[in-house]
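If you want the building blocks of each chain, they are given just below.
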Amino acid sequence: MAKRIRRAAVLGSGVMGSGIAAHLANVGIPTLLLDIVPRELTKEEEAKGWTLEHKQVRNRLANQALERLLKQKPAPLMSKDNIALIETGNFEDDFHRLAEVDWIIEAVVEKLEVKKEVFARVDEVRAPGTIVSSNTSGISIAAMAEGRSDDFKKHFLGTHFFNPPRYLKLLEIIPTEHTDPEVVAYMKTFGEDVLGKGVVMAKDTPNFIANRIGTYGLLVTVREMMQGGYSVGEVDSVTGPLIGRPKSATFRTLDVVGLDTFIHVANNVYENVDGEEKEAFRVPEFMKTMLANGWLGSKSGQGFFVKQGKDILELNYVTMQYEPRKKLATPAVEMAKQAKGTAAKLQTLVYADGDRAGTLLWNIIAPTLLYAARLVGEIADDIVAIDQAMKWGFGWEQGPFELWDAIGLEKSVRKMQAEGRDIPSWITDMLADGATSFYKTENGRLFYYAPGGYKTVEENEKVIHIRRLKEARGVIKKNAGASLIDLGDDVALLEFHSPNNAIGADIVQMINEALEEVNRNYKGLVIGNQGKNFCVGANLAMMLMEAQDENFFELELAVRQFQQALLKMKYNPKPVVVAPFAMTLGGGAEVSLAASRIQAAAETYIGLVEVGVGLIPGGGGNKELYIKQLNSLPNGVDVDYVKIAAKVFETIAMAKVSTSAAEARELGFLNHRDGITMNGDHLLYEAKQAVLSMYEEGYRPPVRKKVPVAGESGYAAMLLGAQSMFHSGYISEHDLKIAKKLAYVLAGGKVPYGTAVDEQYLLDLEREAFLSLIGEPKTQARMQHMLVKGKPLRN
Ligand code: NAD
């Protein structure tokens, strides 16, 4: 049996090797990062008088990779501190150290011969039982293992990460016939639970799943574009969010990936398949010219698009000149934009015969669906693996078979048949059997079609789907903004579902009702949801309207009720675990701070950003962030309240938002008792487990104590900082006004240093400041700007 992975080594510190090492560090695994020894000195090295024998020279490649990790954006490291877990070395001096690790990942150049040589050396030094894997994009895994020992082969498999490894969810696992099934099962669980990936089992075929279908779809798109005389910009304007794909659509994605990488991947299939399929992977001449010209995309400064001053120009693939970007704005596109949801948009588009955009999309989508259908069994066991691979690897909202269901299987197949397209027999058989969709749900369980009948979609037991839970069990309570659901095992879930999950009166009311219900009938409560973001704050539009109408009485009441609901939550007799993920801003952060415990997704971007709209937090966030930092200090140590208040002041005044849950901990939004979940799909499960364990431990709410504050001296210190920033022109007069109010609230007003005050007093100060700011024209202008433009106004 395989070892448990406690230490790892990555061979090759290029784009992927360094990214994988960073992600291993993110999950706390000490990692050795090795690369080849340079054969020549750089000028700087010569100047320092170093020789090729100098350690710094010999480890240069891996060391440089480490430096890049600290600078790269988006950050590969969840916390800069994690870099300490990566140790660098080289293939000559440190290779023997591979005997110390439990998992060796190869990420060297994509050449079979090079990889085979590396593995031959690995075989000599690895300890028995050590797992070895390749990150190849598409070379045969079995071919790489040829000639290796039996123990090596038993522990060898493909682990295909996508770039960048921290952010792209997909991990394809590719066993060979020799791989021990226990090793495969272990790696699947390890990938999901520890690395937080979406693991898909793939077969050892060229490019595995996502890149096989993705490359095919891309080349179909290029050919259809050329045949129909569409422009690069026109194609991108309809192949992005309109059809449930990322904003970068088709060609912008290619620019990011790099044309050289893409062509390499496409050629790998071209060389390994025959007939019609081979032709489909032939790269068009103009793309070869681009490659020859070095127009590789972002990394070379130009590709399908180029930035000229403020403008983005698109490549005209006939003249090979750049020209202004065009968009497709046909009647079908306009109608689709009005339609609600991706399924409705797609239906509007793909059946719009004669419409230029509709025709293009149908001609891209139909062959891609049919291609995916032909490959079931060959590249993956079932349609589920293919759908998941495309969603997790390419950021598609729906995989091919889900999309097919969305446009209607029977209707689309009729259209395909009318056009003389070749339909795989398993699909015509399926329809003849009366099965008219690839997926169906029954009693909250999801089934997929496989020849012979529907089968249950098997998932990690930690994956909870709120939608399916509601289908199966209904809801306990519900209003327009939130629902209370039974999560099972006597734990309830409060789900926000207002637009953008913004907090309004309805959500506040449901917080109160949820607490009552939970205290009567449940062991505890989870607050979480599965929207795009946990919560982007309070309902700004509603607040602005009230402020402009000078309904200060209503505003005061709304803020007071929000404060009281969160206070009630904080002291609730049963545990409340809040499960933030992605954007958790303003009120979303305040809800989190009031929890008995936070269970945050690793990718949580939390912050009290009210200053950006001319306000300060109004739901107790000021005091809670302060108290949280205070409570994180051990009892009995000398506490400097001014320093603590000043740190909180800086976080709120600068509207700092964490770039990960680890960073949220550094900012003080999370403490050592709060949990972090690597796999976002497991978040609700782990939040529920946290509730259960607190309940079992005999949960007691915190004791309501008075809070010692920094008082007048704290206020003066915070103010001084703000004033000097104002005088040096960093902040505006209105910023200074907001800063003063914030400082006053955090200091606890005009009281002597160290005075212990009641929480209600702090809430009153906060509410007063909040209401005075919302009446300010400049604050209202900031709110308006945020609502219209989506970004802060500096006034
Ligand atoms: P890269 O060019 O950035 O890095 C390649 C690494 O191999 C470098 O560290 C280099 O020093 C090392 N190397 C070069 N020659 C070597 C030799 N003779 N012996 C040993 N090491 C040598 O490449 P990359 O993009 O990081 O790709 C690495 C692997 O990951 C490849 O197999 C690639 O197909 C795969 N992959 C790449 C991507 C991607 O998007 N870039 C995505 C998934 C998988």
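In the annotation of an unreviewed UniProt entry, the entry for the protein reads 3-hydroxyacyl-CoA dehydrogenase NAD-binding domain-containing protein, and the organism field reads Geobacillus proteiniphilus. Among the UniProt annotations of the protein, the heading Catalytic activity (unreviewed entry) holds the following wording: "a (3S)-3-hydroxyacyl-CoA + NAD(+) = a 3-oxoacyl-CoA + NADH + H(+)". If you open the UniProt record of the protein and go to Pathway (unreviewed entry), you find "Lipid metabolism; fatty acid beta-oxidation."

## Re the overall build of the protein
Counting its secondary structure elements, the protein contains 34 helices and 25 strands. Against the compact-globule benchmark of 28 Å for 795 residues, the protein has a radius of gyration of 29 Å, which places it among compact chains. For the C-alpha atoms alone, the extent of the protein along its principal axes is close to 80 × 70 × 60 Å. When the 795 residues of the protein are sorted by exposure, 56% land in the buried category. Of all intrachain contacts in the protein linking residues separated by at least 6 positions in sequence, the fraction that spans at least 24 positions is 69%. A total of about 34000 Å² of accessible surface is found on the protein, and carbon and sulfur atoms cover 52% of it. Averaged over its 92 positive side-chain charges, the protein has a centre that lies 4 Å from the centre of its 100 negative ones.

## Points about the sheet that holds strand β11 (residues 321-324)
Pairing is antiparallel in the open sheet, where 3 strands are placed in the order β9-β10-β11. Strand pairing shows two members of the sheet lacking a second neighbour, β9 (305-308) and β11, which therefore form its edges. Taking each pair of neighbouring strands and ignoring which way they run, the sheet shows an average axis angle of 45°.

## Overview of unusual backbone geometry
The peptide bond linking lysine 73 to proline 74 adopts the cis configuration, its omega dihedral lying at -5°. With respect to the helices and strands, the residue proline 74 is situated in the loop between α4 (60-71) and β3 (86-90). Geometrically, the link from asparagine 163 to proline 164 is a cis peptide bond, its omega value of -5° lying close to zero. Mapping proline 164 onto the fold places it in the loop between β6 (156-161) and β7 (170-175).

## Observations concerning the side chain of threonine 130
Looking at the secondary structure, you find threonine 130 in the loop between α5 (112-125) and β5 (131-134). Accessibility expressed as a relative area gives 0% for threonine 130, which makes it buried.

## So, the site of the ligand
Neighbouring the ligand are 21 residues, the closest being Met16, Asp35, Glu110, Lys115 and Ser137. Taking methionine 16, its main chain carries an N or O atom lying 2.8 Å from an oxygen atom of the ligand. The fraction of the free accessible surface of the ligand (830 Å²) that becomes covered by protein chains is 75%. Of all the elements in the fold, those that place two or more residues in the shell around the ligand are α1 (15-26), α5 and β6. Classifying every residue of the shell around the ligand gives 10 nonpolar, 8 polar and 3 charged.

## Digging into the sheet that holds strand β23 (residues 675-677)
On the basis of which strands lie adjacent, the open sheet formed by 7 strands has the order β15-β16-β17-β18-β19-β21-β23 and mixed pairing. The open sheet terminates on both sides in strands that have one partner only, identified here as β15 (477-478) and β23. With 4 bridges joining them, strand β17 (residues 491-496) and strand β18 (residues 524-527) adopt parallel strand pairing. Of the residues in β18, the one forming a bridge with leucine 494 is isoleucine 527. Those strands touched by helix α23 (residues 505-521) are β15, β16 (482-488), β17, β18 and β19 (576-578), and its axis lies near 30° from that of β16.

## Brief notes about the nonpolar core
The nonpolar side chains of a soluble globular protein tend to be buried with one another. By size, the foremost hydrophobic cluster in this structure holds 116 residues, and its most contacted members are Leu11, Met287, Phe304, Phe401, Trp404 and Phe438. Among the elements that take part in this core, helix α17 (residues 356-375) stands out by supplying 13 residues, more than any other. The next biggest cluster of nonpolar side chains, apart from the first, holds 105 residues, and it includes Met543, Leu555, Leu593 and Tyr699.

## Considering the pattern of salt bridges
Enumeration over the complete set of coordinates arrives at 49 salt bridges. The partner of aspartate 193 in a salt bridge is lysine 462, with the nearest N and O atoms 3.0 Å apart. On the criterion of sequence distance, the pair formed by aspartate 193 in helix α8 (residues 181-194) and lysine 462 in the loop between β14 (453-456) and α22 (466-473) is long-range, its members being 269 residues apart. With a relative accessible area of 24%, aspartate 193 lands in the partly exposed category. With its nearest N and O atoms 3.2 Å apart, the salt bridge here joins glutamate 234 to arginine 356. Separated by 122 residues along the polypeptide, glutamate 234 in helix α10 (residues 232-238) and arginine 356 in helix α17 bring together distant segments of the chain.

## Description of the UniProt feature "domain: 3-hydroxyacyl-CoA dehydrogenase C-terminal" (unreviewed entry) in the protein
The positions UniProt marks with the feature "domain: 3-hydroxyacyl-CoA dehydrogenase C-terminal" (unreviewed entry) are residues 208-305 and 364-416. Taken end to end, residues 208-305 is 61% helix and 1% strand, and its first and last C-alpha atoms sit 29 Å apart. Each end of residues 364-416 is marked by a C-alpha atom, and these two atoms are 12 Å apart; helix forms 75% of the span and strand 0%.

## Overview of the pairing of strand β12 (residues 439-442)
Looking along a regular strand, one sees side chains alternate from face to face of the sheet. The pairing of β12 with strand β13 (residues 445-450) spans 4 bridges and is antiparallel. Bridge pairing in β13 places tyrosine 439 opposite tyrosine 448. In sequence, β12 turns back onto β13 through a hairpin of 2 residues, with asparagine 443 there showing a positive phi of about 50°.

## Observations regarding the UniProt feature "domain: 3-hydroxyacyl-CoA dehydrogenase NAD binding" (unreviewed entry) in the protein
UniProt records the feature "domain: 3-hydroxyacyl-CoA dehydrogenase NAD binding" (unreviewed entry) at residues 8-205, using the numbering of this structure. Its end C-alpha atoms 27 Å apart, residues 8-205 is made of 36% helix and 19% strand.

## A look at the packing of aromatic side chains
Applying the stated criterion across every chain yields a total of 26 aromatic pairs. A centroid spacing of 6.2 Å and a plane angle of 80° characterise the contact between phenylalanine 534 and phenylalanine 581, whose relative ring orientation is edge-to-face. In this pair, phenylalanine 534 sits in the loop between β18 and α24 (540-548) while phenylalanine 581 sits in the loop between β19 and β20 (582-585), placing the two residues 47 residues apart along the sequence. Residue phenylalanine 534 shares its accessibility class with phenylalanine 581, and that shared class is buried. One aromatic cluster is present, formed by Phe401, Trp404, Trp426, Phe438, Tyr449 and Tyr454 through successive ring pairs. Geometry around tyrosine 270 places lysine 278 over its ring, the cationic atom sitting 4.5 Å from the centre. Between the NZ or CZ atom of lysine 440 and the centre of the ring of tyrosine 454, over which it lies, the distance is 4.2 Å.

## A short note on the side chain of threonine 239
Position of threonine 239 relative to the elements: it lies in the loop between α10 and α11 (251-257). Of note is the side chain of threonine 239, whose polar atom sits 2.8 Å from the backbone oxygen of valine 235. Among all residues touching threonine 239, those that are not within four sequence positions of it are Arg245, Ala249, Thr250, Leu361 and Ile364.

## Description of the environment of leucine 195
For leucine 195, the location among the structural elements is in the loop between α8 and β8 (198-201). Distance in space between the C-alpha atoms of leucine 195 and glutamine 302 is 34 Å, their sequence separation being 107 residues. Among all residues touching leucine 195, those that are not within four sequence positions of it are His23, Leu24, Val27, Trp103, Phe161, Phe190 and Met678.

## Concerning the environment of threonine 359
Of note, threonine 359 is situated in helix α17. Spatially, the C-alpha atom of threonine 359 lies 10.0 Å from that of alanine 332, the residues being 27 residues apart in sequence. Residue contacts for threonine 359: discarding those within four places in its chain leaves Tyr230, Ala352 and Gly354.

## Details of the packing of α24 against helix α34 (residues 777-789)
Closest axis-to-axis distance for the α24/α34 pair is 10 Å, and the angle between their directions is 145°. Judged by the twist between their axes, the crossing of α24 over α34 is left-handed. Packed against α24, whose contacting residues are Leu540, Ala541, Met543, Leu544, Ala547 and Gln548, the element α34 presents Gln780, Met783, Gln784, Met786 and Leu787 at the interface.

## Here's the deal with α23
The first and last C-alpha atoms of α23 sit 24 Å apart over 17 residues, in line with the 24 Å expected at 1.5 Å per residue. Those residues of α23 not exposed but buried are Ile507, Val508, Met510, Ile511, Ala514, Leu515, Glu517 and Val518. Each element contacted by the buried residues of α23 is listed here: β15, β16, β17, β18, α25 (552-570) and β19.

The rules we used
- Residues numbered from 1 in each chain as written.
- Predicted model: local features only at pLDDT ≥ 70, side-chain atom pairs only at ≥ 80, totals over all residues.
- Heavy atoms only, no water.
- UniProt positions renumbered as here; feature names shortened; annotations may be inferred.
- Helix = DSSP H or I, 4+ residues; strand = E, 2+ residues; numbered from the N terminus.
- Rg over C-alpha atoms; globule rule 2.2 N^0.38 Å.
- Buried < 20%, exposed > 50% of the residue type's maximum accessible area, 1.4 Å probe, protein only.
- Contact = heavy atoms within 4.5 Å.
- Areas by Shrake-Rupley, 256 points an atom, 1.4 Å probe, with all protein chains shown as cover.
- Lys, Arg positive; Asp, Glu negative; His and termini not counted.
- Charge placed at Lys NZ, Arg CZ, Asp CG, Glu CD.
- Pairing = 2+ DSSP bridges.
- Axes fitted to C-alpha atoms, helices over the stretch in contact; angles between N-to-C directions.
- Near = heavy atom within 4 Å.
- Polar contact = N/O pair within 3.5 Å; in protein donor to acceptor, adjacent residues only side chain to side chain.
- Nonpolar A, V, L, I, M, F, W, Y, C, P; charged D, E, K, R; others polar.
- Core = buried A, V, L, I, M, F, W, Y, C linked by side-chain atoms within 4.5 Å.
- Salt bridge = Lys/Arg side-chain N within 4 Å of Asp/Glu carboxyl O.
- Phe/Tyr/Trp six-rings, centres within 6.5 Å; stacked < 30°, edge-to-face > 60°.
- Lys NZ or Arg CZ within 6 Å of the ring centre and 35° of its normal.
- Left-handed = near helix turned anticlockwise from the far one by under 90°.
- Expected span 1.5 Å × (residues − 1).

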